[in-house]
Amino acid sequence: METVKLSQIVMKWFPDMMSFLKQNELNSLIVLRDGLGILEQDDAMEIIQFSICEHQSSAPLH
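The structure presented is a predicted model; accordingly, all values stated were derived computationally and were not measured. (Residues numbered from 1 in each chain as written. Predicted model: local features only at pLDDT ≥ 70, side-chain atom pairs only at ≥ 80, totals over all residues. Heavy atoms only, no water.)

Give me the side chain of Ser-28: which residues, what numbers.
With respect to the helices and strands, Ser-28 occurs in the loop between α2 (23–26) and β2 (29–32). Polar side-chain contacts of Ser-28 include one of 3.0 Å to the backbone oxygen of Glu-25. Those residues in contact with Ser-28 that lie beyond four places of it in its chain are Val-4, Lys-5, Leu-6, Ser-51 and His-55. (Helix = DSSP H or I, 4+ residues; strand = E, 2+ residues; numbered from the N terminus. Polar contact = N/O pair within 3.5 Å; in protein donor to acceptor, adjacent residues only side chain to side chain. Contact = heavy atoms within 4.5 Å.)

In structure tokens:
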């Protein structure tokens, strides 16, 4: 197991997305069962999408 920040996943696979994500999203800790070294692009996108959804669902409504 390896714990990484979402920013590490984004930088590895989708660096162009860095400017679109909020700092609190990028700082999210993600636990990878098999580590960052063997994470595939499709799985990385799924993790990013899930993280964004999680932050949106916990955001207060104004």
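Break down helix α1 (residues 6–13) for me, citing the residues and quoting the values.
For α1, every residue scored as buried is listed here: Leu-6, Ser-7, Ile-9 and Val-10. Burial along α1 is one-sided: seen end-on, the buried residues are contained in an arc of 160 degrees. Here the buried face of α1 lies against β1 (2–5), α2, β2 and α3 (41–57). (Buried < 20%, exposed > 50% of the residue type's maximum accessible area, 1.4 Å probe, protein only. Arc of directions from axis to C-beta.)

Account for the confidence of the model for the chain, with residues named and values stated.
One rule of thumb: low pLDDT means the predicted coordinates there are not for detailed reading. On average, residues of the chain score 91 in pLDDT, and 92% of them reach the 70 mark or higher. Across the chain, the element-wise mean pLDDT spans from 91 in α3 up to 97 in α1. (pLDDT = per-residue confidence, 0-100.)

Please set out the packing of α1 against α3 residue by residue, giving values where relevant.
Between two packed helices, both the angle of their axes relative to each other and the distance between the axes serve to describe the pair. Here α1 crosses α3 at 140 degrees, and the two axes come no closer than 10 Å. In terms of orientation, α1 lies oblique with respect to α3. For the crossing formed where α1 meets α3, the hand is left-handed. Only Gln-41, Ala-44, Ile-47, Ile-48 and Ser-51 of α3 make contact with α1, whose side of the interface consists of Leu-6, Ile-9, Val-10 and Trp-13. (Axes fitted to C-alpha atoms, helices over the stretch in contact; angles between N-to-C directions. Parallel < 35°, antiparallel > 145°, perpendicular 65-115°, else oblique. Left-handed = near helix turned anticlockwise from the far one by under 90°.)

How would you summarise the pattern of salt bridges if you had to cite specific residues and measurements?
Summed over all chains, the structure comprises one salt bridge. Across the pair Asp-34 and Arg-33 runs a salt bridge, and its minimum N-O distance is 3.5 Å. (Salt bridge = Lys/Arg side-chain N within 4 Å of Asp/Glu carboxyl O.)

So, the pairing of β2: which residues are in play, and what are the values?
Here β2 shows one buried face, formed by Ile-30 and Leu-32, and one open face, formed by Leu-29 and Val-31. Inspection of the sheet shows β1 paired to β2 by four bridges, in the antiparallel sense. Paired with Glu-2 across the bridge in β2 is Leu-32. (Pairing = 2+ DSSP bridges.)

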